[in-house]
Amino acid sequence: NNNNNNNNNNADSIKFYRADMRPSIPEFFDMGELPLLEGIFGSHPDITHVVHLADDDIKNQAIIPRNRDSVKAGRMEGILEELRLILERRAAAAAVTDEKDNEEEENVVAAYRLPQFVYASSYEVYDYLSTSEDSEQSNPLPFREDKPITTPSSLHGASKLIDEILASAYHSTHGIFSVGLRFFPVYGPWGNPGTDVYDLAEDMCFRSFDDNSDEDSFIHDENMRDNFFDEDIKDYVYIDDAVDAIMNAMQYRPPAQDPSPVVFNVGTGKGFSLKQIRDEMMPNSFDNKGQTIRSTKQQYNSQRQATTSYASTELSNSLLGFKAQVPLSVGIAKTMTWLRERSAPFGKDSKVSTLQKRIDSFVDNSLAKATREECSPFDRECLRGASIFPCASECSKAESCTPSAWDDAASLSRLITSGCDAVMFTILLDKDAEQIPSANASTASSLSFVGAGLPEIGDVGERTKARCNIAFVSEESPLVQRLRSEGEVYTDDNDSNELPEMIRHGYWTLLPLKPSGWMSAFSRSFALEHLPKISPGQFFGSSVRYAIFVEPSLLVADLPRILKQMDGGSMEKDSVIAMMAMKRRQSCDASDRRSTCPWTRPQDNDSIQRTMHNMVRVTLKGDLLGGGLTQVIDSSFLVHSLQGEDAKMLRCDVYSEAVQWGSSLDASLEFILSLHDFWRRAGKHWSSGESLEPGSVNTENSLLGVLSSSDTQSFAQIVPSEEVIHSV
């Protein structure tokens, strides 16, 4: 944690570093210094706190990560060594100052202030394998910090005990104070796969039900770890409480002048078995509530006795001021909700077992009690990364969405477009708009709108033109006021839905949005302003198969041909086109070193998003398209297929990306399309050995694969701009 008092921006005063802390330069092995840490501490002498959390999973590293001749190559030792060097530098600086100059000496001490050091230990330092309620062990239950430790329960516990011994040794030899936190099992959102609660919750939510057996039978995953035993009793700590303990430890100040290192238990003081946790996860109406979990590992587990471990919280309560606040029932509900929403961010699959539906209902009820009442839909930290969509989006969930001016507009648009096979639409919400450029252009021969070229017999062509070309505009714009005053309104007398008067502007039917409450909490949000552009599923009648978006200043070259192309699918067998977009129009070559293409600095969110996307591209060794100064794909023209779940999931992935970043659509569209294509190619490569060559948009009518949940393969088609549109 880098505390910069001269910077009023809290976001800029906190810097995070992610890097491999293991020394890799031989010259540093004997000295025990880590070049990266030395650079961080040297660049930021005002660091006030150091929090050393867990190392990599124990399965992926040596228990004691050091070579025989590299006595200070451990990560814990590397940090302690850097803290020792701070004291060493302070002593050297103080030695050259005048001993009588107290002010200068105080400045030296301040310049080399020793940060508060907090590190993570583990409850596995205790010997819970041979401990029970009535045992006579040296540290009986509940485990206390001041009792002697004889034998850790695991190799991981042994490595954590060594960390505690190192902390004590560095205090004895160098006077470095530290606070250790013995975490009992931590669970919650973003938990680690392979831990007890995570695996049990995941099985319960997604893959634990066998429709061929008794409906209420719970089948546990065959690959569950050997040490999964439903009779073991452990003290489970919710992640929010664990974070509170770390924050309290960072602020802990012992009363003594030269305090000794201290360790605290981080637990609730209560033990629960996995059978009890499972019961918390299951609705009360389940017939098998309380039964033992059946597992292929159960025969192995039955050969050992159940273990018990829970914390004494007396010391952490009295000195650290820490007390766990989240009850097990609330923590389990939040964990299951997070897992379920991560699996189905845009709604639940209707094709699930009856038991799964009952689990979903239980989670929904638990969620309403434990989570939704606590989280504002705009509190990203509380929502833990879950996207909350506008209610008018097809990606939203009824129980968690935000109202907007699009709600009424979507309802009216569905009525107007009822009976259309395809709908073309545009968005112009500028309050100063006086016209839609494409409405006044000559379109007689261009076939630029839905209904163009249809026979006028029975008013079929005119009615299609009026009902199937929608422009979303602002109610306050001069355009709407002028057209109303000029009498450019009409009613459809043949419609039984009793539609209000509609405003005509060229081939567009205007659908004004009322400004009341417009943008609400999404003020100035591109993702909300252009919601129908990428998520049109709830805006048009049930008969609509294709939704075509086009910018107000563009004309579609030949719409009937484009719709025929969508109907024909791709060249591959059993395939459909989920989306059509066009390549970006360029008046010059931005890749040319001598190029004079105009370039403007992107907004902050766009710049950060682009940086992140390029990091992913580098990681995947260029297997994703894009990465230049401008996007390859242009969203000024889009054709959406409103048929099929795959097309909807693609749209929701793109819209979710735009909502999360709060930035323009082009970058999100290009990244998600290329990511879908990459994973489709990777899946085919793994299953059939096909080439992993990336998709290309340098050829005409190029195709990018879309992740599919059915046998029918979906594609996104990228076409040259000159084939589909031209400017007014």
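Just so we're clear, the structure is a prediction, and the values are computed from it rather than from any experiment. (Residues numbered from 1 in each chain as written. Predicted model: local features only at pLDDT ≥ 70, side-chain atom pairs only at ≥ 80, totals over all residues. Heavy atoms only, no water.)

Caption draft 1: Molecular detail of the overall build of the chain. Each helix and strand counted, the chain has 23 helices and 20 strands in total. Taking all 728 residues of the chain together, the buried fraction comes to 47%. Restricting the contact set of the chain to residue pairs at least 6 apart, pairs at least 24 apart contribute 77%. Carbon and sulfur atoms make up 48% of the accessible area of the chain, which amounts to about 36400 Å² in all. (Helix = DSSP H or I, 4+ residues; strand = E, 2+ residues; numbered from the N terminus. Buried < 20%, exposed > 50% of the residue type's maximum accessible area, 1.4 Å probe, protein only. Contact = heavy atoms within 4.5 Å. Areas by Shrake-Rupley, 256 points an atom, 1.4 Å probe, with all protein chains shown as cover.)

Caption draft 2: Structural detail: the nonpolar core. Of all hydrophobic cores here, the largest spans 92 residues; its most connected members are Trp406, Met424, Leu510 and Phe637. Ranked by residues supplied to this core, first place goes to helix α21 (residues 645-661) with seven residues. Once residues within four sequence positions are removed from consideration, Leu510 is found in contact with Ile436, Ala471, Val473, Leu479, Val480, Leu483, Ile503 and His505. (Core = buried A, V, L, I, M, F, W, Y, C linked by side-chain atoms within 4.5 Å.)

Caption draft 3: Highlighting the side chain of Lys533. With respect to the helices and strands, the residue Lys533 is situated in helix α18 (residues 531-534). Separated by 3.0 Å, the side chains of Lys533 and Ser635 make a polar contact. Residues in contact with Lys533, not counting those within four places in the same chain, are Phe425, Ile427, Phe549, Glu551, Ser635, Leu638, His640 and Leu665. (Polar contact = N/O pair within 3.5 Å; in protein donor to acceptor, adjacent residues only side chain to side chain.)

Caption draft 4: Region of interest: the packing of aromatic side chains. Overall, the coordinates contain 18 aromatic pairs when judged by the stated rule. Centroid distance Tyr187 to Tyr238: 5.5 Å. Interplanar angle 65°. Geometry classified as edge-to-face. Residue Tyr187 is found in strand β4 (residues 186-187), and its partner Tyr238 is found in strand β6 (residues 237-238); the two are separated by 51 residues along the sequence. Tyr187 sits in the buried class, given a relative accessible area of 5%. The class for Tyr238 is buried, based on a relative accessible area of 1%. These aromatic residues form a ring-pair network of at least three members: Trp406, Phe425, Phe472, Phe539, Phe540 and Phe549. Above the plane of the ring of Tyr490 lies Arg504, whose end atom (NZ or CZ) is 4.4 Å from the centre. (Phe/Tyr/Trp six-rings, centres within 6.5 Å; stacked < 30°, edge-to-face > 60°. Lys NZ or Arg CZ within 6 Å of the ring centre and 35° of its normal.)

Caption draft 5: Main features of the sheet that holds strand β9 (residues 422-428). Strand order in the open sheet formed by ten strands is β11-β12-β13-β10-β9-β14-β17-β16-β19-β18, and the pairing between neighbours is mixed. Single-partner strands in this sheet number two, and they are β11 (489-490) and β18 (702-706). Where β11 and strand β12 (residues 502-505) come together, two bridges link them in antiparallel fashion. Bridge pairing in β12 places Val489 opposite Ile503. Against the sheet, helix α16 (residues 478-485) touches β10 (469-474), β12 and β13 (508-513), its axis set at about 100° to β12. The sheet contacts of helix α22 (residues 665-688) involve β16 (575-583), β17 (633-641), β18 and β19 (713-719), and relative to β17 the element is tilted by about 60°. (Pairing = 2+ DSSP bridges. Axes fitted to C-alpha atoms, helices over the stretch in contact; angles between N-to-C directions.)

Caption draft 6: How the structure looks around the sheet that holds strand β7 (residues 262-266). Read across the sheet, four strands follow the order β1-β2-β3-β7 without closing on themselves; strand pairing throughout is parallel. At either margin of the open sheet sits one strand with a lone partner, and together these are β1 (49-52) and β7. The average angle at which neighbouring strand axes cross in this sheet is 20°, direction not considered. As judged from the four bridges shared by β1 and strand β2 (residues 116-122), these two strands associate in the parallel manner. Opposite His49, over in β2, you have Gln116 as the bridge partner. In the packing of helix α5 (residues 155-174) onto the sheet, the strands contacted are β2, β3 (178-183) and β7, and the crossing angle to β2 comes to about 155°. Running at roughly 165° to β3, helix α7 (residues 239-251) makes contact with β1, β2, β3 and β7 of the sheet.

Caption draft 7: Spatial organisation of the packing of helix α3 (residues 75-95) against α5. As a packed pair, α3 and α5 sit with axes 10 Å apart at the nearest point and diverge in direction by 15°. For the element pair α3 / α5, the angle class is roughly parallel. Viewed along their axes, α3 and α5 form a crossing whose handedness is right-handed. Along its contact with α3, which presents Met76, Glu77, Leu80, Glu81, Arg84 and Leu87, the element α5 presents Asp163, Leu166, Ala167, Tyr170 and His174. Looking at the contact of α3 with α5 residue by residue, the class counts come to six nonpolar, one polar and four charged. (Parallel < 35°, antiparallel > 145°, perpendicular 65-115°, else oblique. Left-handed = near helix turned anticlockwise from the far one by under 90°. Nonpolar A, V, L, I, M, F, W, Y, C, P; charged D, E, K, R; others polar.)

Caption draft 8: Representation of the pairing of β10 in the model. Counting buried residues in β10 gives six out of six residues, a clear majority hidden from the surface. With burial as the criterion, each face of β10 is covered, one bearing Asn469, Ala471 and Val473 and the other bearing Ile470, Phe472 and Ser474. With five bridges joining them, β9 and β10 adopt parallel strand pairing. Bridge pairing links Thr426 to Ala471 in β10.

Caption draft 9: View of helix α8 (residues 274-281). With six of eight residues buried, α8 lies mostly within the body of the structure. Listed in full, the buried residues belonging to α8 are Leu274, Lys275, Ile277, Arg278, Asp279 and Met281.

Caption draft 10: The confidence of the model for the chain, seen in detail. On average, residues of the chain score 75 in pLDDT, and 65% of them reach the 70 mark or higher. Contacts from residues 517-524, a stretch scored under 50 in pLDDT, to residues over four places away or in other chains number 15 contacts. (pLDDT = per-residue confidence, 0-100.)

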